[in-house]
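Observations on chain architecture
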Amino acid sequence: GAVVSQHPSRVICKSGTSVKIECRSLDFQATTMFWYRQFPKKSLMLMATSNEGSKATYEQGVEKDKFLINHASLTLSTLTVTSAHPEDSSFYICSASGLAGANTGELFFGEGSRLTVL
Amino acid sequence: KQEVTQIPAALSVPEGENLVLNCSFTDSAIYNLQWFRQDPGKGLTSLLLIQSSQREQTSGRLNASLDKSSGRSTLYIAASQPGDSATYLCASYRGATNKLIFGTGTLLAVQP
């Protein structure tokens, strides 16, 4: 299947700083990318949908000014957690769909990024 | 609003046993349904995708079925192995979009 890469896989930061997480589709063009958040021992919750070249669409209850999403190219989307606080500590996972999955509707997921805010 | 539930939440079986994981959803008008595997601290690995017009998909020792009328999907794992130990998640697609609604997951432990 298609490969989606996330970086960094782990990040620890101080409260009040901003952290950027990258999501790249390595062997296909991702017209749409999705960002999910997963709390310990919980399932994944969709945060936002980003389409290349346009503003992200956020799910209800997700602060768009806190979680900045940019999808500037067909292979890269970034999630920036601004002024991070301990409650933002979580596992963030991106997924992508595009030409590779267009015929099957299948999504491909990154390896996830573990954010710990001290 | 679509809700996806998985039963059991945790399951422990001896190696070699066949097992079934259950997934139920409240809105039968689902588009596609996908099963994933998640290892601790890792991302998701897609196992099987069942499109709305299909009733089942098979890959190796895995077989997933979809019954939209009853709002259920099952993942059958034959001859389980310790390497199958992981959390298994089912997810339904929200309408004809690629937005996934995830189930609560089943934590599987296969004892050697």
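Structure first, text after, so check above.
Throughout what follows, the structure given in this document is the object of discussion. As the structure is a computational prediction, the values presented were derived from the model and not from experiment.

1. Here's the deal with the nonpolar core
- Grouped together as the largest cluster of nonpolar side chains are 25 residues, with contacts concentrated most on V4, F28, W35, L79, Y92 and L115 of chain A.
- In this view, V4 of chain A contacts C23, R24, S25, F28, C94, A96, F108, F109, G110 and E111 of chain A; residues no more than four positions away in its chain are not counted.

2. Section: the interface of chain B and chain A
- In this assembly, 20 residues from chain B lie in contact with 21 residues from chain A.
- Of all residues in chain B, the largest losses of buried area upon contact with chain A belong to L44, N98 and K99 of chain B, amounting jointly to 31% of the total for that side.
- Here chain B and chain A share one salt bridge between them.
- Breaking the side of chain B that touches chain A down by element, the ones donating at least two residues are β4 (33-38), β5 (44-50), β9 (86-93) and β10 (100-102) of chain B.
- Among the residues forming the side of chain B that touches chain A, the class breakdown is seven nonpolar, ten polar and three charged.

3. What to know about the environment of S69 of chain B
Residue and element names in this part refer to chain B.
- Assignment of secondary structure puts S69 in the loop between β7 (62-67) and β8 (72-77).
- When the C-alpha atoms of S69 and S28 are compared, they prove to be 6.1 Å apart, with 41 residues separating the residues in sequence.
- Polar side-chain contacts of S69 include one of 2.6 Å to the side chain of D67.

About the cut-offs
- Residues numbered from 1 in each chain as written.
- Chains lettered and ligands numbered in written order.
- Predicted model: local features only at pLDDT ≥ 70, side-chain atom pairs only at ≥ 80, totals over all residues.
- Heavy atoms only, no water.
- Core = buried A, V, L, I, M, F, W, Y, C linked by side-chain atoms within 4.5 Å.
- Buried < 20%, exposed > 50% of the residue type's maximum accessible area, 1.4 Å probe, protein only.
- Contact = heavy atoms within 4.5 Å.
- Buried area = accessible area lost by both parts, 1.4 Å probe.
- Salt bridge = Lys/Arg side-chain N within 4 Å of Asp/Glu carboxyl O.
- Helix = DSSP H or I, 4+ residues; strand = E, 2+ residues; numbered from the N terminus.
- Nonpolar A, V, L, I, M, F, W, Y, C, P; charged D, E, K, R; others polar.
- Polar contact = N/O pair within 3.5 Å; in protein donor to acceptor, adjacent residues only side chain to side chain.

None of this, on its own, says anything about what the molecule does.
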